[in-house]
Amino acid sequence: MTATFDYVKCTRCGTCYSLCPLDVIVKDEDGKPSVRYPDECQLCFICQEECPAKAIHVKIPLAFW
Amino acid sequence: MKITKTDLLIVGAGAAGSMAAIKASDYTKDIIVLEKATHRSGGALGIGHFTSEINPLCNIPGGPTSMEFVEGYLSSSSGWSGQERPLDKYIIAEEFTPIVRELESWGLEIYKAGDGTWDNYWHKKIGERMESGCWVKGGSMKKCLMDEVERRGIKIEERTMAVDLLTNDGKVIGAVALNTRTGELTAYHAKAVVLCTGSSSRSYIVNPGKKWFYMRDMGTNSGDGRGMVYRAGGELTMMELIRTDHMNGNVMARFWGGSAVNHKGEDFLAETYKKRWSRSYAMHEEEEKGNGPLFWDSRDMPQEGHDKWEAYTSDEKNFPDVVLTETYTQKGQDRRKGRYEFESQPIGFLGGPVFNYYGATTLPGLYAAGDEIWQDSLSGAYVFARRAGIAASKYIEGQDEWTPIDEKQLKMISDTILAPSKRENGVPPQELEEKVRGIMTKYAYISKTGGMLEQGLKNIRRIREEWEGRIKADTPHDLMRWAEVRNIMEVAEVHMESSLFRTESVPYGRHFLDRKDYPTQHPTWHRQRVVVKREGGEMKVFKRRTVEQRPPTLEEYEAVKEVKP
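Here is what the cut-offs are and how they apply
- Residues numbered from 1 in each chain as written.
- Chains lettered and ligands numbered in written order.
- Predicted model: local features only at pLDDT ≥ 70, side-chain atom pairs only at ≥ 80, totals over all residues.
- Helix = DSSP H or I, 4+ residues; strand = E, 2+ residues; numbered from the N terminus.
- Rg over C-alpha atoms; globule rule 2.2 N^0.38 Å.
- Buried ≥ 20, exposed ≤ 12 C-beta atoms within 10 Å, placed from the backbone.
- pLDDT = per-residue confidence, 0-100.
- Expected span 1.5 Å × (residues − 1).
- Bend = angle between axes of the 7 residues up to and from the residue.
- Contact = placed C-beta atoms within 7 Å.
- Pairing = 2+ DSSP bridges.
- Axes fitted to C-alpha atoms, helices over the stretch in contact; angles between N-to-C directions.
- Parallel < 35°, antiparallel > 145°, perpendicular 65-115°, else oblique.
- Left-handed = near helix turned anticlockwise from the far one by under 90°.
- Nonpolar A, V, L, I, M, F, W, Y, C, P; charged D, E, K, R; others polar.

**Student:** Before we move on, could you go through the overall build of chain A and cite the residues and values that matter?
**Tutor:** Within chain A one finds 2 helices and 4 strands. Starting at the N terminus and walking to the C terminus, you meet the elements of chain A as β-α-β-β-α-β. Whereas a compact globule of 65 residues would reach a radius of gyration of roughly 11 Å, chain A reaches 11 Å, a difference of no more than 12%. Projecting the C-alpha coordinates of chain A onto the three principal axes gives extents of approximately 35 × 20 × 15 Å.

**Student:** Describe unusual backbone geometry, with residues and values.
**Tutor:** For the peptide bond that leads from Asn55 of chain B to Pro56 of chain B, omega is 0 degrees, which places it in the cis range. Note that the residue after Gly292 of chain B, namely Pro293 of chain B, is joined by a cis bond; omega there is -5 degrees. Along the chain, Pro293 of chain B turns up in the loop between helix H9 (279–288) and strand S14 (295–297). One non-glycine residue, Lys54 of chain A, lies in positive phi territory at about 50 degrees. Classification of Lys54 of chain A by C-beta neighbours within 10 Å gives exposed; the count is 11.

**Student:** So what's going on with the confidence of the model for chain B? Which residues, and what values?
**Tutor:** Across chain B, the average pLDDT comes to 89, with 90% of residues at or above 70. For this predicted complex, the interface confidence score (ipTM) comes to 0.95, while the overall pTM stands at 0.95.

**Student:** Can you tell me about helix H4 (residues 86–106) of chain B, naming the residues and giving the values?
**Tutor:** Residue and element names in this part refer to chain B. Here H4 contains 21 residues, and its C-alpha end-to-end distance of 30 Å stays within 8% of the 30 Å for a straight helix at 1.5 Å per residue. Of all bends in H4, the biggest is about 35 degrees, found at Glu95, and the proline Pro98 comes one to four residues later. Among the residues of H4, Asp88, Lys89, Tyr90, Ile91, Ile92, Ala93, Phe96, Thr97, Val100 and Leu103 are the ones counted as buried. In this structure, the buried side of H4 is in contact with strand S3 (53–54), helix H3 (66–75), helix H5 (139–151), helix H12 (378–397) and helix H17 (554–561). Of the residues trailing H4, Gly107 is marked for its positive phi of about 125 degrees.

**Student:** Got a sec to walk through the sheet that holds strand S16 (residues 345–349) of chain B? Specific residues and values, please.
**Tutor:** All names here are of chain B. Pairing in this open sheet of 3 strands is antiparallel, and the strands run S16-S12-S20 from one edge to the other. In this open sheet, the two strands that pair with only one neighbour each are S16 and strand S20 (511–512). Judged from the 2 bridges that link them, strand S12 (residues 242–245) and S20 form a sheet pairing that is antiparallel. What sits directly across from Arg243, in S20, is His511. This element, H9, spans S12 and S20 of the sheet and lies at about 70 degrees to S12.

**Student:** Explain the pairing of S16 of chain B to me, using residue names and the numbers behind them.
**Tutor:** Within a regular strand, the side chains alternate between the two sheet faces. Residues and elements named next belong to chain B. With 5 of 5 residues buried, S16 lies mostly within the body of the structure. The sheet contact formed by S12 and S16 spans 4 bridges and is antiparallel. Residue pairing for S16: Arg243 is matched across the bridge by Gly348.

**Student:** Explain helix H1 (residues 15–24) of chain B to me, using residue names and the numbers behind them.
**Tutor:** Residue and element names in this part refer to chain B. For H1, the tally of buried residues reaches 10 of 10 residues, placing the bulk of the element in the interior. Residues of H1 that are buried: Ala15, Ala16, Gly17, Ser18, Met19, Ala20, Ala21, Ile22, Lys23 and Ala24. The elements touched by buried residues of H1 are strand S1 (2–11), strand S2 (31–34), helix H2 (43–46), H5, strand S10 (185–195) and H12.

**Student:** How would you sum up the sheet that holds strand S17 (residues 352–353) of chain B? Please name residues and give values.
**Tutor:** What links the strands of a sheet is backbone hydrogen bonding, and the strands pair in either a parallel or an antiparallel sense. Residues and elements named next belong to chain B. What the 4 strands build is an open sheet, ordered S17-S11-S22-S23; its pairing is antiparallel. Edge positions in the open sheet fall to S17 and strand S23 (538–545), since each of these has one partner strand only. By the bridge criterion, 2 bridges tie strand S11 (residues 236–237) to strand S22 (residues 528–535) in an arrangement that is antiparallel. Directly across from Thr237, in S22, lies its bridge partner Val531.

**Student:** Break down the environment of Gly63 of chain B for me, with residues and values.
**Tutor:** Residue and element names in this part refer to chain B. On the secondary structure map, Gly63 appears in the loop between S3 and H3. Since 24 C-beta atoms lie within 10 Å of it, Gly63 is described here as buried. Once the C-alpha coordinates of Gly63 and Trp118 are considered, the two residues, 55 residues apart in sequence, prove to be 11 Å apart.

**Student:** Tell me about the packing of H3 of chain B against H4 of chain B, and please be specific about residues and values.
**Tutor:** Residues and elements named next belong to chain B. Contact pair H3 / H4: the axes reach a minimum separation of 9 Å and the direction vectors enclose 140 degrees. Relative to H4, the element H3 lies oblique. Between H3 and H4 lies a crossing whose hand is right-handed. Of H4, the residues touching H3 (which contributes Ser66, Phe69, Val70, Tyr73 and Leu74) are Pro86, Lys89, Tyr90, Ala93 and Glu94. Across the contact of H3 with H4, the residue classes tally to 7 nonpolar, 1 polar and 2 charged.

**Student:** Quick rundown of the pairing of strand S8 (residues 160–168) of chain B? Include the residues and the values.
**Tutor:** All names here are of chain B. Where burial is concerned, most of S8 is hidden: 8 out of the 9 residues are buried. Of the strand pairs in this sheet, S8 and strand S9 (residues 171–179) are connected by 7 bridges, and their pairing is antiparallel. Bridging from a neighbouring strand, Thr160 pairs with Asn179 of S9. Linkage of S8 to S9, two consecutive antiparallel strands, is achieved through a turn of 2 residues, within which Asp169 is found at a positive phi near 55 degrees.

Set out below in C-alpha cells:
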C-alpha cells in the first residue's frame with residue numbers, strides 16, 4: 001500500500017482527493033478518503049505533504065529501489 | 001456535447017502552460033487553460049521536480065554572455081548530436097534571465113549572496129560548456145505561477161483532459177476534453193491552441209517488477225500532446241532520441257561532490273567529457289560493458305557538501321525528487337557510510353511536434369511549449385511558453401471569423417472516447433497500457449536492434465487491433481486512462497518507427513540512440529532529423545536536414561527577437 005490514512009486524525013477535508021495528480025484517491029459518501037488505484041500512485045508525496053491534519057503516511061514499498 | 005467558446009485554449013497548467021497563459025493575457029482576456037490534474041499538483045513543478053535550481057543565467061555578473069553560453073553548448077556533448085538549433089539556445093540565454101526577474105517579482109524565492117544579488121551556485125565549465133545558475137526555494141516555484149494566474153483572472157479547468165484536437169480545413173480550432181471526475185465531454189471551440197502537456201515519460205515499465213507508475217518524470221505525462229498532434233496530421237521529430245536517468249546522484253554528484261563509480265570503485269565518468277559523450281550514454285555504456293551496478297559514492301564528500309545537502313533538502317522540499325530523500329529516510333540509508341545504487345531507466349524522448357522560433361507547429365493555429373517540444377529544460381519551457389503565448393495571441397488577432405466545428409469529427413471523437421463506458425464486458429484500459437509499455441520495455445528499451453523494433457511494432461499493432469475495441473471503463477477515471485493509453489500507443493509506434501528508420505547510433509547529448517546493429521554514427525545521418533507524420537491514415541517517416549551547427553549571428557537573433565504569429 002502506498003498512502004495510508006490515520007482516520008482518527010483525518011478531518012474529511014478532501015484535500016488529498018482534490019490534489020492527487022494521478023487521481024488514485026477516492027472518497028465515500030461521508031468524505032472518507034482511501035486509495036482505489038494503488039498501482040497508479042507515483043509516490044509524489046503531495047497528499048502527505050499537503051494534508052492539514054498530518055493524517056497521511058506514504059510508504060515506499062520495500063521492493064522499490 | 002457542450003460547446004464552450006474561447007479565443008485561446010491552453011492545454012496543461014504546468015510550468016509552460018501557466019507561463020503561456022500569463023503572457024497571452026497581456027493580449028487577450030478570453031483564455032481557458034485545461035489541466036488533467038489540478039493547478040497546484042499538475043506538471044513537473046506540482047510534484048516538486050526541477051524546483052531546486054535554475055539555469056542558465058546569462059549576462060549577469062559571474063555568468064557567461066549569451067554567445068559564450070551557446071559556444072560552450074556547441075562544443076560540449078549536448079551540442080554534438082547536430083540535432084537541435086543553436087539559435088534556440090541563444091534565445092534561451094538571452095530571454096531566460098529577464099523571465100527569472102519576473103518570476104521573482106511574482107513571488108519566486110531566490111537564494112541571495114551577502115550583497116543581495118542572486119547566489120550564483122554554479123559557474124564553471126562542464127567539459128567546454130559554460131553555465132551559471134541560482135538556487136531557488138522549490139516550494140515557491142509553482143506557487144508564484146498560481147498567484148500570478150489568479151491575479152490576472154485566468155480561468156483554469158481542473159480535472160479536464162484534452163483528448164483530441166478539433167480541426168477544419170487543416171486548421172486547429174480547439175479540442176475536445178474529458179472531465180475526469182464526471183466522464184463528460186466538452187468541445188472547446190478556440191481560435192488558437194497552445195499545447196503544454198509535457199513529455200511522454202509513461203512509455204515503459206520502469207524498474208521492471210517493481211512499480212510501473214513510478215518514474216523520474218511526472219506520471220501524468222502520457223504523451224497526450226504528441227498523440228493529439230500525430231492524429232491531427234502534424235509533424236513530430238526526434239522521437240527516436242531517448243533520455244535516460246539514473247535516478248539518484250545525477251544532481252548530487254554535480255553540485256555537492258562525491259562521484260559516480262562502477263562496481264570496481266572506478267570513477268568512469270572522468271573520461272566522458274573528453275569523448276564528448278553524454279553522461280547518460282557513458283553510464284549506459286558502463287553497464288553494457290559489465291561494470292555495473294553503478295553507484296554514487298559520497299563517503300569522502302567534504303562536510304560542506306553534506307551541510308549544503310541537508311540545508312537544501314530540508315527547506316521547503318527543494319530537492320527535485322522529493323521521493324529520494326524519503327526513500328533514504330525510510331530505508332535508514334546514510335550517504336556518509338554507504339553508496340547509493342544508480343538505477344538506469346528511460347524517462348522519455350527528446351522530440352515532439354516540429355516548431356518554429358515562436359512555438360508554432362506545422363498545423364495552423366496550433367502552438368506548443370515546454371517538454372512538449374524539444375527544449376527539455378525549465379528555462380526552455382518558460383522562454384518558449386512566453387513566445388508561444390504571445391505568438392498564439394497575435395495569430396488570434398488575425399482570425400476575425402470563427403471556423404465552424406466539423407460535426408462529424410465531433411461525433412467520431414465522442415464515440416471513440418465514450419465507447420468503453422458503454423460496453424458490458426471487456427478489458428480495463430490499465431491492462432492495455434501495461435501490455436503496450438511491456439512491449440516497449442521488451443523491444444524498444446535503451447538498446448535496440450532493427451529486428452527488435454520490427455517485432456515490437458508487429459506486436460503493438462496486433463494488440464491495438466485485438467484490444468482497442470474491447471476496452472471497458474467502469475469509472476470516469478478509467479475513461480481518462482483509456483484516453484491516455486491511445487496516446488501512449490501512438491507515441492510507442494512513432495518511437496519505434498523513428499528508431500528503426502535511423503540506421504546509426506547517436507551517443508551525444510542527453511538524448512541518444514543505441515542501435516546495436518549500427519553501433520557508430522554515420523556521415524549520411526549528420527545533421528539529419530527523423531520526421532514522422534500521419535498521411536492518409538498511414539505513418540510516413542522521412543529525413544530532414546537541420547540547421548548548421550554554429551553560433552548564431554546577432555542579426556539572426558534580431559530577426560526573431562520580436563515574437564511573430
